[in-house]
Amino acid sequence: MAQNFQLISCISLLFLFLLVPSKSENPTTIFPKPQPFRFLKHLQGCKKGETLAGLRELKEYLTKFGYLNYHPSKARDNDEFDNFLEAAMKTYQANYNLKVTGTLDSETLSKMGMPRCGVPDVINGTNTMRKNKKRHHHNSPKKLHTVSHYNFFLGFPRWPVGKTHLTYWFDLGTTHPDAIPAFVRAFDRWTMYTQYFTFAETQDYDYSDLKIGFESGEHGDGYAFDGEGGILAHAFAPTNGMLHCDADEFWSIGPLANYTDLETVALHEIGHLLGLDHSSVEDAIMYPIIPTGVDKDLHADDVRGIKALYDI
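Every value quoted in this text rests on a predicted model; they were computed, and no experiment measured them.

Draft legend 1. Representation of the overall build of the protein chain in the model. If you tally the helices and strands in the protein chain, you get 7 helices and 10 strands. For the protein chain, the accessible area works out to roughly 13800 Å², and carbon and sulfur atoms hold 53% of it.

Okay, structure coming up:
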């Protein structure tokens, strides 16, 4: 499968193969500059009752992330700003702590244009960013007084009790060798913060709990990637174990302006593998949007979420 592993210069090429830097060291790049969702730019100010070319693409965007579900589907294939689109916009704005107007204001368009995780925010009509809390364990009263915004997948899927050591496998046919240490560090961070899960690499596909690879476009799981810019990666809830990154994205190892930090994305997607859904806390690793040029670590909200899910 073709992959976009271009490098900035011969110097960075040499450095990349000598050393994969930690977050505190100078970043290097393993893939080039991403583009945002292009179709959004000319829609600013559009509101209910208007017709504007490009709104059907906005409808497809909101459908992809669970906010719209037209019946019949052909109602999505037009450029009319209808009541359903306005309601979807308001839900999106509420999820991302924006002013709830139902119109395409500049702040909303800016948020929508950022690279993000491909896991939907609304699943089967349930807004998992707002209304999917697990009841706290009866002997953990302090948690009842904690303001938290973490969320779980529908049905609260998690790894079985006692299954605290998880193995991971890299598809070496699609994963560049220099990408692997970023994932290893991300697993180590989840171990350090949770004090519950441990992880180890295996070369045995059938034995592995988690399977990691880089894919392009349609790749057989029903969640196609969209090329340069847009959706960065996706992962599935326990105990599926699949984690895919978009091979056509332009990644960096360490934060670099206009590039996406691979370790940050790995931290986010591993959270999905463990059972966390998206959080509305912008500083949390489970926040769906992952801007270019920044790196993030686990947040207290992420840690509280894992501890609540597994009654740690």
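Draft legend 2. Highlighting the UniProt feature "binding site: Ca(2+) 1" (unreviewed entry) in the protein chain. Cross-referencing UniProt, the feature "binding site: Ca(2+) 1" (unreviewed entry) maps to Glu249 in the present numbering. Mapped onto the elements of the fold, Glu249 is located in the loop between strand 8 (242-246) and strand 9 (251-253). Relative accessible area serves as the criterion here: at 1%, Glu249 is assigned to the buried category.

Draft legend 3. The pattern of salt bridges, seen in detail. With the rule as written, the count across this model stands at 11 salt bridges. The residue Glu50 makes a salt bridge to Lys47 at a minimum N-O spacing of 3.0 Å. You can call Glu50 partly exposed: its relative accessible area is 30%. Given the relative accessible area of 40%, Lys47 is considered partly exposed. Glu263 is paired through a salt bridge with Arg189; the nearest N and O atoms lie 3.1 Å apart. Of this pair, Glu263 sits in helix 6 (residues 262-274) while Arg189 sits in helix 5 (residues 180-194), and the two are 74 residues apart along the sequence. Sharing partners across several salt bridges, the network here consists of Arg185, Arg189, Glu263 and Asp297.

Draft legend 4. Focus on the environment of Arg158. If you trace the backbone, Arg158 turns up in the loop between strand 3 (126-127) and strand 4 (165-170). For Arg158, a relative accessible area of 30% translates into the label partly exposed. Residues Arg158 and Gly275 lie 117 residues apart in sequence; the distance between their C-alpha atoms is 5.4 Å. A polar atom in the side chain of Arg158 sits 2.4 Å from the backbone oxygen of Leu309.

Draft legend 5. Structural context of the side chain of Asn151. Locating Asn151 in the fold gives a position in the loop between strand 3 and strand 4. Using a relative accessible area of 0% as the deciding quantity, one classes Asn151 as buried. Among the polar contacts made by the side chain of Asn151, one reaches the main-chain carbonyl oxygen of Thr128 at a distance of 3.2 Å. Looking at Asn151, its side chain comes within polar contact range of the main-chain oxygen of His278, at 3.0 Å.

Draft legend 6. Highlighting the pairing of strand 4. With respect to burial, strand 4 is a largely interior element, 5 of its 6 residues being buried. Two elements, strand 4 and strand 6 (residues 210-215), share 3 bridges in a ladder whose sense is parallel. When the sheet's bridge partners are listed, Tyr168 is paired in strand 6 with Leu210.

Draft legend 7. Just the packing of helix 5 against helix 7 (residues 300-309), in detail. In contact at an axis separation of 10 Å, helix 5 and helix 7 are set at 70 degrees when each is read in the N-to-C sense. One element, helix 5, and the other, helix 7, form an angle in the roughly perpendicular class. Listed contacts from helix 7 to Trp190, Tyr193 and Thr194 of helix 5 are Asp302, Val303, Ile306 and Lys307. Grouping the amino acids of the contact of helix 5 with helix 7 by side-chain chemistry returns 4 nonpolar, 1 polar and 2 charged.

About the criteria used
- Residues numbered from 1 in each chain as written.
- Predicted model: local features only at pLDDT ≥ 70, side-chain atom pairs only at ≥ 80, totals over all residues.
- Heavy atoms only, no water.
- Helix = DSSP H or I, 4+ residues; strand = E, 2+ residues; numbered from the N terminus.
- Areas by Shrake-Rupley, 256 points an atom, 1.4 Å probe, with all protein chains shown as cover.
- UniProt positions renumbered as here; feature names shortened; annotations may be inferred.
- Buried < 20%, exposed > 50% of the residue type's maximum accessible area, 1.4 Å probe, protein only.
- Salt bridge = Lys/Arg side-chain N within 4 Å of Asp/Glu carboxyl O.
- Polar contact = N/O pair within 3.5 Å; in protein donor to acceptor, adjacent residues only side chain to side chain.
- Pairing = 2+ DSSP bridges.
- Axes fitted to C-alpha atoms, helices over the stretch in contact; angles between N-to-C directions.
- Parallel < 35°, antiparallel > 145°, perpendicular 65-115°, else oblique.
- Contact = heavy atoms within 4.5 Å.
- Nonpolar A, V, L, I, M, F, W, Y, C, P; charged D, E, K, R; others polar.

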